[in-house]
Amino acid sequence: MNQAIRRTWVAVVVLLAIIMGATTYVQFFAADAINNNALNASRKLDAANSSPRGSILVGGEAIAESVKNPEGSTYAYKRVYNDAKLYSGLTGYFSLDAGVTQLESSQNQTLMGSSDDQFFDRIANLFTGQDDQGANIELTIDAKIQQAAYDALPDDFKGTVVVLNPKTGEILAMVSKPSFDTNLLAVQSTAKAAANRAELSKNKNVRLYWNPAVQDRVSPGSTFKLLDLVAGFETGYFTLDGEYDNSEKWTPPGTSKPLGNFDGGNCAQQPNKASLRFIVAQSCNTPFGQAIQEIGQNKMKEVTERFGFNSKPDWLGLSPSAASVWPTETMSPGNLASAAIGQYDVQATVLQMAMVAAGIANDGVLMKPQLIKQVTGSDLQVLQDFKAEKYSTVTTADIANNITELMRGPVKSGTATRAAIPGLDIAAKTGTAQIGTGTGKVNAWITGFAPADDPEVAIAVNVENITYNQSHGLTSTIMKNVLKAVFNK
Amino acid sequence: MNALATDAPSGMNKRKQRPQPTRRTLELFLLVLALGVTALADYLVSSSVGASSNDTSWITHVVVLGALGLGVNISLRLWAKYADPFILPVVVALNGIGLAMIHRLDLASTSAAGSNAATSQLLYTGLGMVCAVVVMWIIRDHRVLRRFTYVWLAASVVLLVLPLVPGLGAGTINGANIWIRIGSFSLQPGEFAKITLALFFASYLGSKRDLILLAGRKIGPLQLPRARDLGPMLVAWAVALGVLVFQRDLGSAIMFFGLFMVMIYVATGRVSWIVIGLVLMAVGAAAAMMFMGHVQRRVNVWLNAFDPSVYEAKGGSLQIVQGLFAMANGGMVGTGLGGGQPYRIPVAKSDMIYASLGEELGLIGMLAVVCLFLILISRGIRAALGARDSFGKLLGTGLSFILALQFFVVTAGVLRVMPLTGLATPFLAAGGSALLANWILVSLLLLISHNARRPSTGGGTLSTTEQGIIDRKVEAKRAQEAGDAGPGAPARPLTGGENA
């Protein structure tokens, strides 16, 4: 009998061990995932509005802050967003109706004062009886550049600008239009928030739940040729002063559908052989369609993935985020030729194309884009400071310099002349990606950096779904306006 | 058992040299620690959530709990002085932690109706502890309970049927029909039935185990007991499960069935019973899934808890999901008492108290709580091991296992390890019936441990005499059945207290 009793005890221990294991899973391993569940918003909101939550700052000014409600309100505090439209994609919001998004969600623990770094503060508060104070988060964003980028974007279309510091990876601007006032979703009434959300959702171009710069992908068009150049220089196909076949049309093997240079462009001026400088400045297609057949799909995969293709920028705290795409399934020569000019299944976010420019700008070393400059406790003690991190070595300094030289061409005499600013040495590459066939609509791009020899900023601009005529010079002008703000020109 | 019998002489020699310590002073010291934990927790509640209303009820709570705890300690000194010294302090600590949490939720509640659960919990705690002392005083020796085998069976049946009696049953509350109402009091008879069932199984199996084991036909390797030996067991089992089907109480069904299996296993030492039991349970579960709508709903809620449509449905997963949100919010170290939002969880004070505690005490706190249960149940089983009679062994194991299973079933439901069922977390959850029943259960465990630890008085105790009679009967029966009928074997004295 005693042996059976001992075995019963073992069974009891097993039962209690299951409870301990499950508790550990819920409260430790799965805690973050459960905390971030969409159904959990009201609990977060309650906590967030019952004590002063940390601010999100740009240049020392709060873009999101907690303000005391009048005595007797349901919540002791409310969240107020300043310059809300400028920063909606970064701060996100706390909404009774629409949940918690972006930095408000990913940095919740820090803002609430409950991150691990603030553990000792909490212990101290336990004894002094003070409320836990959230930490403040200073962003890498430069308010002036952010504002200039927002103003430069047209009101009528969906467009995005990302500006990076290529030497450090700091994100200096990340803004999209059309934007929205996050305060409308943060109202402390579920019904009002729901009504506002319904109203805002009427504009199909507004993105309430994600940041277009890291989540929306479109064909990068000719800006993708920068990656062809990196791969081509590395395999030795391209040389800086080489000349390449520039036929008006070129038919890849195995298809009857020719790849052509753009009808209205200047490529036709040199219909046979053309210098690489001319080809890049005028953004001719056929030389790249031919080059990529030699370079090969695998080499392109390797190069694009060094720049960040096929992986998500999920360290930014902007969720959801999407991976830019270089197709992994084997492509036919015809599809490969389309991929070379940033069409077919090639897709990129605006952040991705800014990273391409930044890697070339910084002599082939791509710094990891970061959004948070500093975290300070309520006593202004620094809890976390900016540390530049290398993302990857994307290519050699020589190749980066060659491509920089080539990128001066479009601004001086090619497709990006409208970006030119007297006295500023700018490197850029434009792109115009057709949407489908026969829609007449394009995605317009530009990416580049300045000053070309010692870059301070790398930029990518995209305006989606516009006619070719609307696209003409549009992104170049936007880039010019942003650079004017950066360099006070 | 043989091992214990051979151990007895050396043990007795030792006891003669040195008196067995009663450990009542150690118990008192641990009791003060348990009250310290309660006081700290309850003070934190009063000083944070209750700060605006200058709440000082924590003092009342601690004083009442302390006075009653001391009362139990003194009663044990009088009537069961060798009782296990760890059981009482652990139970008081659990009871106190539960009380502090209920108090905390009371203070957070805005409605006047829902804000005096702590007072009623304190009242029932007091009543429970008084009942425990009374049981101890009346019974003194758990072996007297062995005589009422069929009284326990009848009591179990009556208790289980009561909620179905028209006019007495309180109807369906939260999907289960397990309450009765007398005047303004409502009662859960099932909580008491678990004790009477354990008493019935222990006394029946304790006296009939030889017959169940040895009499009857052998088919292959399987020794089948005779139907008339198994009859009363099957009646108990069928009534328990049958009534539970009508009462729609999944949690109690699992608890009773588990009790049944463990006790028959301990009595016979045969794993085949467990296997048969688990197979029956699987068949029962499958049948319940197929034919009972509310079981299907529960399983669906369990599997798809985070599906928004299930979450928002009436009777959906809101309760369990809010519990998980609370626990995840608590994380490793918890928000501290008064720092979280456990009031968001439906039935936070009773069914979901594990989640409420999880939010504010954190993972570290909850592991400590589970460890308290581990200590309590282990000491109960230790008492069963040490008991000198098979009734005591069976009862001690059965009662300890009930506590373990009850805690497991409700907590595993909260943690989404299995579908959530409505059972009270022992000692932590708000609920008068469960508290009363569990305090009585604890007093029985204390009595068994007293019996196990006290110095042996040699032969001639009530136990030995009674057991001798039973054993003689058994032997006579065996002899009869072997066709070797005699007028009765001569009475021979048994050595030690151990039998069988």
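Up top you'll find the structure we're talking about.
Figured I'd write up the structure that's included with this text. Everything quoted here is computed from the prediction, not taken from an experiment. Chains are numbered independently. Their residues run from 1 in the order of the written sequence. Here chains are named by letter from A upward and ligands by number from 1 upward, in the order in which they appear as written. In view of the model being predicted, local features appear only for residues whose pLDDT reaches at least 70, and side-chain atom pairs are presented and counted only at 80 or more, with totals across whole chains, interfaces and linings using the full set of residues. The side-chain values count all of the structure's non-hydrogen atoms but skip hydrogen atoms and water molecules.

Here we look at the packing of aromatic side chains
Each aromatic ring pair is described using two quantities: the centre-to-centre distance and the angle formed by the ring planes.
Then step 1. Stacked, edge-to-face and tilted are the three classes for Phe, Tyr and Trp ring pairs, Trp counted by its six-membered ring, which pair at centre distances within 6.5 Å; planes under 30 degrees apart are stacked, over 60 edge-to-face, the rest tilted. Under the counting rule described, the total for this entry stands at 21 aromatic pairs over all chains.
Then step 2. Residues A:Phe28 and A:Phe29 carry aromatic rings whose centres are separated by 4.9 Å and whose planes lie at 85° to one another, so their mutual orientation is edge-to-face.
Then step 3. Judged by its relative accessible area of 41%, A:Phe28 is partly exposed.
Then step 4. Between B:Tyr150 and B:Tyr204, the aromatic rings sit 6.3 Å apart at their centres with planes inclined by 80°, giving edge-to-face as the arrangement. Note that B:Tyr150 is positioned in helix α6 (residues 149–161) and B:Tyr204 in helix α7 (residues 189–214), a separation of 54 residues in sequence.
Then step 5. With relative accessibility at 45%, the residue B:Tyr150 sits in the partly exposed group.
Then step 6. Three or more aromatic residues joined by ring pairs make a cluster, and in this case those are B:Tyr150, B:Phe200, B:Phe201, B:Tyr204, B:Phe257 and B:Phe260. Here the term buried applies to any residue with accessible area under 20% of the maximum for its type, exposed to any over 50%, and partly exposed to those in between, with areas from a 1.4 Å probe on protein chains only. Only DSSP runs of H or I with at least four residues qualify as helices, and only runs of E with at least two residues qualify as strands; both kinds are numbered from the N terminus onward.

Observations concerning the environment of A:Ala186
All names here are of chain A.
Then step 1. If you trace the backbone, Ala 186 turns up in the loop between α9 (182–185) and α10 (190–200).
Then step 2. Assessed through its relative accessible area of 10%, Ala 186 is described here as buried.
Then step 3. Two residues qualify as a contact provided that any one of their heavy atoms is within 4.5 Å of a heavy atom in the partner residue. Discounting chain neighbours no more than four positions away, the residues touching Ala 186 are Arg 79, Tyr 81 and Phe 94.

Comments concerning empty space enclosed by the protein
Then step 1. Using a 1 Å grid laid over the protein atoms alone, points where a 1.4 Å probe fits but cannot get out form a cavity; open sets with protein on both sides within 12 Å along at least 5 of 7 lines form a pocket; any residue with an atom within 4 Å of a point counts as lining. Grid points are joined across faces, edges and corners, and a volume is the space filled by probe spheres set on the points. For the coordinates displayed, the defined rule picks out 9 cavities of 30 Å³ or more.
Then step 2. The calculated volume of the largest cavity comes to roughly 140 Å³.
Then step 3. Around the largest cavity, the lining comprises 18 residues; the ones closest to its centre are A:Ser88, A:Gly89, A:Ser176, A:Ser179 and A:Pro212.
Then step 4. Looking at the lining of the largest cavity, the elements with two or more residues in it are α4 (84–91) and β8 (171–177) of chain A.
Then step 5. With 6 residues, α4(A) is the largest single contributor of residues to the lining of the largest cavity.
Then step 6. By volume, the second largest cavity amounts to about 100 Å³.
Then step 7. As for the second largest cavity, its lining consists of 15 residues, of which B:Ile178, B:Gly190, B:Glu191, B:Asp249 and B:Ser252 are closest to the centre.
Then step 8. Elements that contribute at least two residues to the lining of the second largest cavity include exactly α6, α7, α8 (227–247) and α9 (250–268) of chain B.

Brief notes about the pairing of strand β19 (residues 457–467) of chain A
Residues and elements named next belong to chain A.
Then step 1. With 9 of 11 residues buried, β19 is to be regarded as a mostly interior element.
Then step 2. Note that strand β7 (residues 158–164) and β19 share 7 bridges and pair antiparallel. The partner of Val 162 across the bridge, within β19, is Ala 460.
Then step 3. In this description, strands pair whenever DSSP reports at least two bridges between them. As paired elements, strand β18 (residues 441–450) and β19 share 9 bridges and run antiparallel to each other. Bridging across to β19, Ile 446 finds its partner in Val 461.
Then step 4. Hairpin connection, β18 to β19: the antiparallel pair is bridged by 6 residues.

Description of helix α12 (residues 225–235) of chain A
Residues and elements named next belong to chain A.
Then step 1. With respect to burial, α12 is a largely interior element, 9 of its 11 residues being buried.
Then step 2. Where α12 is concerned, the buried positions are Lys 225, Leu 226, Leu 227, Asp 228, Leu 229, Val 230, Ala 231, Gly 232 and Phe 233.
Then step 3. Backbone geometry just downstream of α12 places Gly 236 in the positive-phi region, at approximately 90°.

Comments concerning the side chain of A:Asn69
All names here are of chain A.
Then step 1. Structurally, Asn 69 can be placed in the loop between β2 (61–68) and β3 (77–81).
Then step 2. Judged by its relative accessible area of 12%, Asn 69 is buried.
Then step 3. The definition of a polar contact used here is a pair of N or O atoms within 3.5 Å, where within protein one atom must be able to donate a hydrogen and the other to accept one, and adjacent residues in sequence count solely through side-chain atom pairs. Within the structure, the side chain of Asn 69 is placed 3.1 Å from the side chain of Gln 188, a separation counted as a polar contact.

Brief notes about the sheet that holds β7(A)
Residues and elements named next belong to chain A.
Then step 1. As summarised here, the arrangement of the 5 strands in space is β8-β7-β19-β18-β17, forming an open sheet in which the pairing is antiparallel. In this open sheet, the two strands that pair with only one neighbour each are β8 and β17 (427–434). Across this sheet, the average inter-strand angle for adjacent strands is 10°, counted without regard to direction.
Then step 2. This element, helix α8 (residues 143–152), spans β7 and β8 of the sheet and lies at about 25° to β8. Between the N-to-C directions of two axes lies an angle of 0 to 180 degrees, each axis being a line fitted to C-alpha atoms and, for a helix, fitted only over the stretch in contact.

Observations concerning the interface of chain B and chain A
Then step 1. Chain B puts 55 residues into the contact, and the matching count from chain A is 32 residues.
Then step 2. Both sides together, the interface formed by chain B and chain A hides about 3,800 Å², and carbon and sulfur atoms give 73% of it.
Then step 3. Any carboxyl oxygen of Asp or Glu that lies within 4 Å of a side-chain nitrogen of Lys or Arg is treated as forming a salt bridge with it. For the interface between chain B and chain A, the tally reads 0 salt bridges.
Then step 4. One can count 10 residue pairs in polar contact (both at pLDDT 80 or more) joining chain B with chain A. Accessible area that two parts lose when put together, with a 1.4 Å probe and added across both, is what the buried area reports.

Some points on the nonpolar core
For soluble globular proteins, the rule of thumb is that nonpolar side chains tend to be buried together.
Then step 1. B:Val92, B:Leu94, B:Tyr354, B:Phe427 and B:Trp439 are the most contacted members of the largest nonpolar core, which has 146 residues in total.
Then step 2. Not counting residues up to four positions away in its chain, the partners in contact with B:Val92 are B:Leu31, B:Ala34, B:Leu35, B:Thr38, B:Leu65, B:Met129 and B:Trp439.
Then step 3. The set of buried Ala, Val, Leu, Ile, Met, Phe, Trp, Tyr and Cys residues whose side-chain atoms join them within 4.5 Å is what this entry labels a nonpolar core. If you look at the next biggest cluster of nonpolar residues, it comprises 132 residues, including A:Leu276, A:Ala291, A:Ile292 and A:Leu483.

Observations concerning the sheet that holds β2(A)
Residues and elements named next belong to chain A.
Then step 1. With respect to topology, 6 strands assemble into an open sheet ordered β3-β2-β1-β6-β14-β15, the strand pairing being mixed. With partners counted over all chains shown, the strands left at the sheet margins are β3 and β15 (382–385), one partner each. Sheet twist, expressed as the mean angle between neighbouring strand axes with direction ignored, is 25°.
Then step 2. Taken together, the 4 bridges between strand β6 (residues 136–139) and strand β14 (residues 372–376) define a ladder with antiparallel strand orientation. Across the sheet, Glu 138 pairs through a bridge with Gln 374, a residue of β14.

As for a nonpolar patch on the surface
Then step 1. Taken together, A:Tyr25, A:Phe28, A:Phe29, B:Met332, B:Val333 and B:Ile364 make up a surface patch of nonpolar side chains, about 630 Å² in accessible area.
Then step 2. When residues in the nonpolar patch are grouped by element, the largest group, 3 residues, is from helix α1 (residues 2–29) of chain A.
Then step 3. Mapping B:Met332 onto the fold places it in the loop between α13 (318–330) and α14 (353–386). Here a patch means residues that are over 30% exposed by relative accessible area and free of salt bridges, tied together within 9 Å if like-charged and within 5 Å if nonpolar (Val, Leu, Ile, Met, Phe, Trp, Tyr). All accessible-area figures derive from a Shrake-Rupley calculation using a 1.4 Å probe, and residue coverage is judged against the displayed protein chains alone.

A few points about the state of the cysteines
Residue and element names in this part refer to chain A.
Then step 1. Defined by distance alone, a disulfide is two cysteine sulfur atoms within 2.5 Å. Taken as a whole and assessed by the stated rule, the structure comprises 1 disulfide over all chains.
Then step 2. The disulfide partner of Cys 267 is Cys 284, and the gap between their sulfur atoms is 2.1 Å. On the sign convention where negative means left-handed, the S-S torsion of about -105° between Cys 267 and Cys 284 marks this disulfide as left-handed. Of the two residues, Cys 267 sits in the loop between β11 (259–260) and β12 (273–275) while Cys 284 sits in the loop between α13 (276–282) and α14 (286–295), which places them 17 residues apart along the sequence. Across the pair, Cys 284 and Cys 267 agree in class, each one buried.

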